[in-house]
Amino acid sequence: MKWPTLTRREGLRQTLRAGLYGLAVQLWPSQAQDMASGQLLSVAKMTEPLTQGARLLQQDVKIVAPVLADNGTLVPVTVQVQSPMTPQDHVTHVYLLSQRNPVTRMAVFHLGPWNGRAEISTRLRLAGTQQVVALARLSSGEFRYGQMEIIVTESACVDAS
C-alpha cells in the first residue's frame, strides 16, 4: 500500500484543523449531573430541571417495558410518542428519567421529522423498583410524559457507575 504524499501546505492545513478540533473539545463546557442517590423523586422534581416551567401534560407517551425485571442491569424499554412528525409539529427530544438511580437523567434521544415516527428502544440499568418517566419535548416547546413502575428483583447501578 502506498501512502498518499501531501504537500507542505496540505500537511499544515490538516495539522491546524486537528489542533482546532482538539481545542474546541477541551473548551466545550461539560455537563455534570447531581446525584440523588437513595431518594425517591417525584415526577415534578425529575422534570422541572428540563421543563423549566413550560407546559407539561401526561398524555401521548407510552412506555413498553416488563412490569417485573429479574435483573436491573439490562431492562428493555421502548418509548412511543404520538406525533405527526412533520416539520411544523414533531418531537425534538425524548428523555428517560429515573426515580431512584444515582443519576436521574438516564438517556436523551434527539429526534426530528426525518425520523418518521417518534419511537425509541433501549436497555436501562435500574437501581431497584421505581417509576421510570419518559419525557418528550415537542417542537412547540411543550412537554408530554408517561410513566411506568418497573419492579426490579436484583438492583443495578448502586455504586453510581
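Residues numbered from 1 in each chain as written. Predicted model: local features only at pLDDT ≥ 70, side-chain atom pairs only at ≥ 80, totals over all residues. Heavy atoms only, no water.

Considering the pairing of strand β9 (residues 143-152)
Here is the rule: Using a 1.4 Å probe on the protein chains alone, a residue whose accessible area is under 20% of its type maximum counts as buried, one over 50% counts as exposed, and one in between counts as partly exposed. A run of DSSP states H or I qualifies as a helix once it reaches four residues; a run of E qualifies as a strand once it reaches two. Both are numbered from the N-terminal end. A strand pair is defined by DSSP finding two or more bridges across the two strands.
Of all the 10 residues making up β9, 7 are buried; the element is thus mostly covered by neighbouring parts of the structure. One ladder, built from 8 bridges, connects strand β8 (residues 130-138) with β9; its direction is antiparallel. Note that in β9 the partner of A134 across the bridge is G146.

Observations concerning the nonpolar core
Short version of the rule: Residue types Ala, Val, Leu, Ile, Met, Phe, Trp, Tyr and Cys, when buried and joined through side-chain atoms within 4.5 Å, form a set referred to as a nonpolar core.
Within the largest apolar cluster, 25 residues are counted, with the highest numbers of intra-cluster contacts made by V79, V81, V91 and I150. Going through the elements one at a time, β2 (61-64), β4 (75-81), β5 (91-98), β7 (118-124), β8 and β9 are the ones with two or more residues in this core. Among the nonpolar cores identified, the runner-up in size contains 10 residues, and V43, M46, L50 and L135 belong to it.

Remarks on the pairing of β8
The element β8 is largely enclosed, with a buried count of 7 among its 9 residues. As judged from the 7 bridges shared by β5 and β8, these two strands associate in the antiparallel manner. Directly across from H93, in β8, lies its bridge partner R137. Here β8 folds back onto β9, and the loop between the two strands holds 4 residues, one of which, G141, carries a positive phi near 95°.

Some words on the pattern of salt bridges
Going by this rule: One speaks of a salt bridge when a side-chain nitrogen belonging to Lys or Arg is within 4 Å of a carboxyl oxygen belonging to Asp or Glu.
Taken as a whole and assessed by the stated rule, the structure comprises 4 salt bridges. Each of R55, D60, E142 and R144 takes part in one network of salt bridges that share partners.

Comments concerning helix α2 (residues 43-51)
Put simply, the rule is: Note: the arc covers the axis-to-C-beta directions of the helix. Any two residues having at least one pair of non-hydrogen atoms within 4.5 Å are treated as being in contact.
For α2, the complete set of buried residues consists of V43, M46, T47, L50 and T51. Viewed along the axis of α2, the buried residues span an arc of 115°, placing them on a single side of the element. Structural note: α2 exposes A44, K45 and P49 on the side pointing more than 90 degrees away from its buried face. In this fold, the buried residues of α2 make contact with β1 (56-57), β5, β6 (105-110), β8 and β9. Positive backbone phi, approximately 50°, marks Q52, located one or two places after α2.

Notes on the side chain of S98
For clarity, the cut-off: Pairs of N or O atoms within 3.5 Å make up the polar contacts considered here, provided that, within protein, one atom can donate a hydrogen while the other can accept it, and that residues adjacent in sequence are counted only when both atoms are side-chain atoms.
Mapped onto the elements of the fold, S98 is located in strand β5. Look at S98 and you get buried, because its relative accessible area is 0%. Only 2.8 Å separates the side chain of S98 from the backbone nitrogen of N101, close enough to count as a polar contact. Ignoring any residue separated from it by four or fewer positions in sequence, one finds S98 in contact with L41, M46, V103, T104, M106, Q130 and Q131.

Some points on unusual backbone geometry
Phi at Q52 takes a positive value of approximately 50°, unusual for a residue other than glycine. Within the secondary structure layout, Q52 lies in the loop between α2 and β1. Although it is not a glycine, M85 adopts a positive phi angle of roughly 55°. Examined against the element boundaries, M85 turns out to sit in the loop between β4 and β5.

Digging into a nonpolar patch on the surface
As a reminder, the rule being used: In this scheme, patches are assembled from residues that exceed 30% relative accessible area and form no salt bridge. Like charges are connected within 9 Å, while nonpolar side chains (Val, Leu, Ile, Met, Phe, Trp, Tyr) are connected within 5 Å. In this description, accessible areas are obtained by the Shrake-Rupley approach with a 1.4 Å probe, and a residue is regarded as covered only by the protein chains that are shown.
Together, V67, L68 and I151 make up an exposed nonpolar region whose accessible area comes to about 260 Å². Structurally, L68 is set in strand β3 (residues 68-69).

Quick word on the sheet that holds β2
Using the following cut-off: To get an axis, a line is fitted to the C-alpha atoms, and for a helix only the part in contact is used. The angle between two axes follows their N-to-C directions and goes from 0 to 180 degrees.
Pairing is antiparallel in the open sheet, where 3 strands are placed in the order β2-β4-β7. Of all strands in the sheet, those with a lone pairing partner are β2 and β7, marking the two edges. Here the strands of the sheet are splayed against their neighbours by 20° on average, with no regard to which way each runs. The pairing of β4 with β7 spans 7 bridges and is antiparallel. Among the inter-strand pairings, Q80 is bridged to a residue of β7, identified as E119.

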